[in-house]
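Survey of secondary and tertiary structure
So you can see what is in the structure, the chains are spelled out below.
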Amino acid sequence: QVQLVESGGGLVQPGGSLRLSCAASRSNLDYYAIAWFRQAPGKEREGVSCISSPGDGTQYADSVKGRFIISRDSAKNTVYLQVNSLEPEDTAVYYCAARYRTFSLCRLGDRYEYWGQGTQVTVSS
């Protein structure tokens, strides 16, 4: 089993930034494609970004392209989501999720079988 823990959320003003972290216990995240999803109140869950395994290719939703960056730090067994130029519409609970390496570019529509509990991002003035 892959246990994922998100952190780094918080309250920021519009235009601000955060770095969200997705860390794993016992499992080596290098062997997993990792995706970030978010869910805002009253809305369906939305795929935000993913990073492939192997190869570390990335994908982004159109709504965050150019503002968010996903990256992997193998030494820390952690995947990050740098969220910049935040807008109130970015307010949501952000979740990371994992699926075993696919040897292809990750897709936000892929099935991710392991999920963390989420971290809250609130963008408000």
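Here the structure is shown first, and the text comes after it.
First, a word on scope: everything that follows refers to the structure included in this document. (Residues numbered from 1 in each chain as written. Predicted model: local features only at pLDDT ≥ 70, side-chain atom pairs only at ≥ 80, totals over all residues. Heavy atoms only, no water.)

What to know about the overall build of the protein chain
What the protein chain contains, in helices and strands, is 0 helices and 11 strands. Beginning at the N terminus, the succession of helices and strands in the protein chain can be written as β-β-β-β-β-β-β-β-β-β-β. For 125 residues, the compact-globule formula gives about 14 Å, and the C-alpha radius of gyration of the protein chain, at 13 Å, lands near that figure. Counting all 125 residues of the protein chain, 45% fall into the buried class. Pairs at least 24 residues apart make up 61% of the contacts formed inside the protein chain by residues separated by at least 6 positions. As displayed, the protein chain has an accessible area near 6,600 Å², and 43% of this comes from carbon and sulfur atoms. Positive and negative charge centroids in the protein chain, built from 13 and 12 side chains respectively, lie 4 Å apart. (Helix = DSSP H or I, 4+ residues; strand = E, 2+ residues; numbered from the N terminus. Rg over C-alpha atoms; globule rule 2.2 N^0.38 Å. Buried < 20%, exposed > 50% of the residue type's maximum accessible area, 1.4 Å probe, protein only. Contact = heavy atoms within 4.5 Å. Areas by Shrake-Rupley, 256 points an atom, 1.4 Å probe, with all protein chains shown as cover. Lys, Arg positive; Asp, Glu negative; His and termini not counted. Charge placed at Lys NZ, Arg CZ, Asp CG, Glu CD.)

Some points on the packing of aromatic side chains
Under the counting rule described, the total for this entry stands at 4 aromatic pairs. Geometrically, the ring pair formed by Y32 and Y100 is edge-to-face, given 5.4 Å between the ring centres and 85 degrees between the ring planes. Residue Y32 is located in strand β4 (residues 32–39), and its partner Y100 is located in strand β9 (residues 92–100); the two are separated by 68 residues in the primary sequence. A relative accessible area of 12% places Y32 in the buried class. On the basis of relative accessible area, Y100 is assigned to the partly exposed category, the value being 45%. For the pair F37 and Y112, a centre-to-centre distance of 5.7 Å together with 70 degrees between the ring planes defines the contact as edge-to-face. With F37 in strand β4 and Y112 in the loop between β9 and β10 (114–115), this pair connects stretches of sequence that are 75 residues apart. (Phe/Tyr/Trp six-rings, centres within 6.5 Å; stacked < 30°, edge-to-face > 60°.)

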